[in-house]
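# Summary of the model geometry
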Amino acid sequence: MNLEHKTALVTGASSGIGLAIAKALLDKGCYVYGISRRGASIQHQHYTDLRADIGDYTQLEQALQPLLSSATNTDILINNAGLGYFGKIDDMKLEQWHEMFNTNVHGVFYCFKLLAPIMKKNRLGHIINISSIAGLQAVVEGSGYSATKYAVRAISQAIFRELRPFNVKVSTIFPGSVNTAFFDNIDHKLSYEDMIQPDEFVKSVIHMLESDDAYLPFELEVRTMRAK
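So, a few notes on the structure that sits alongside this text. (Residues numbered from 1 in each chain as written. Predicted model: local features only at pLDDT ≥ 70, side-chain atom pairs only at ≥ 80, totals over all residues. Heavy atoms only, no water.)

### Some remarks on the pattern of salt bridges
Taken as a whole, this structure holds 7 salt bridges when the rule is applied. When the shortest N-O distance is used, the salt bridge between lysine 88 and glutamate 141 registers 3.0 Å. A residue pair is termed long-range when its members are at least 10 positions apart, and lysine 88 in the loop between strand 4 (76–79) and helix 4 (94–122) and glutamate 141 in the loop between strand 5 (125–130) and helix 5 (143–163) qualify at 53 residues. The class of lysine 88 is partly exposed, set by a relative accessible area of 47%. Arginine 223 is the partner of glutamate 221 in a salt bridge, and the nearest nitrogen-oxygen pair spans 2.6 Å. You can call glutamate 221 partly exposed: its relative accessible area is 41%. (Salt bridge = Lys/Arg side-chain N within 4 Å of Asp/Glu carboxyl O. Helix = DSSP H or I, 4+ residues; strand = E, 2+ residues; numbered from the N terminus. Buried < 20%, exposed > 50% of the residue type's maximum accessible area, 1.4 Å probe, protein only.)

Quick look at the structure:
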């Protein structure tokens, strides 16, 4: 896909991976809509800041009206928003468990439900879901988080088959530890410098999006070379 003048929605655009992806897409000439709960500090003529909790369907649908109620095509969807709580299963708070599923799983479904019809109608689109290596190998004391990321993979694999006849691509990326605020309140062995850097990770996202129309990078696992 030639990214110039394409329209993209990036969830979780306020920081970390989402912020880096939004900036990279702007550099490529995209019109970018970024959605998050607290907003992104991007000043660019082609950037539109949207605010909503993507785990709340009513909030999300209302926030996406600029895309849903106009003639604007939505060519790219980056399902990046996510969060994680970790600890022993019997210590996990119910509200934390529900929040992870609302954001990490329901939010992905809601974005598919709202934007897939536009892509199907236009017979053009690329959806990239950011999962985690926890969606390939469950993490100790991370049962809830791992379950949500396994769910993202299952949703992606099923929706891929639904949307391929409409010329809409669905890809999933499974990153290891990325240098973002996600790890600020989590015990980890890696230094931030040894983690995957967001700007480096974004290169993989752009490569996927710029692939030939007949070529689908379906799943990609990326890790740091400096694991302890």
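The rest of the description comes next.
### Brief notes about the nonpolar core
Generally speaking, nonpolar side chains in soluble globular proteins are found buried as a group. In terms of nonpolar packing, the biggest core is built from 32 residues, with Leu25 and Ile78 touching the most fellow members. Secondary structure elements with two or more residues in this core: strand 1 (7–11), helix 1 (16–27), strand 4, strand 5 and helix 6 (198–209). With 8 residues, helix 1 is the single largest residue contributor to this core. Counting 28 residues, the second largest nonpolar core, distinct from the first, contains Leu64, Met119, Val152 and Val170. (Core = buried A, V, L, I, M, F, W, Y, C linked by side-chain atoms within 4.5 Å.)

### Digging into unusual backbone geometry
Positive phi outside glycine occurs at glutamate 141, with the angle close to 60 degrees. The phi torsion at asparagine 167 lies on the positive side, around 65 degrees, for a residue other than glycine. Within the secondary structure, asparagine 167 sits in the loop between helix 5 and strand 6 (168–175). Classification of asparagine 167 by relative accessible area gives partly exposed; the value is 37%.

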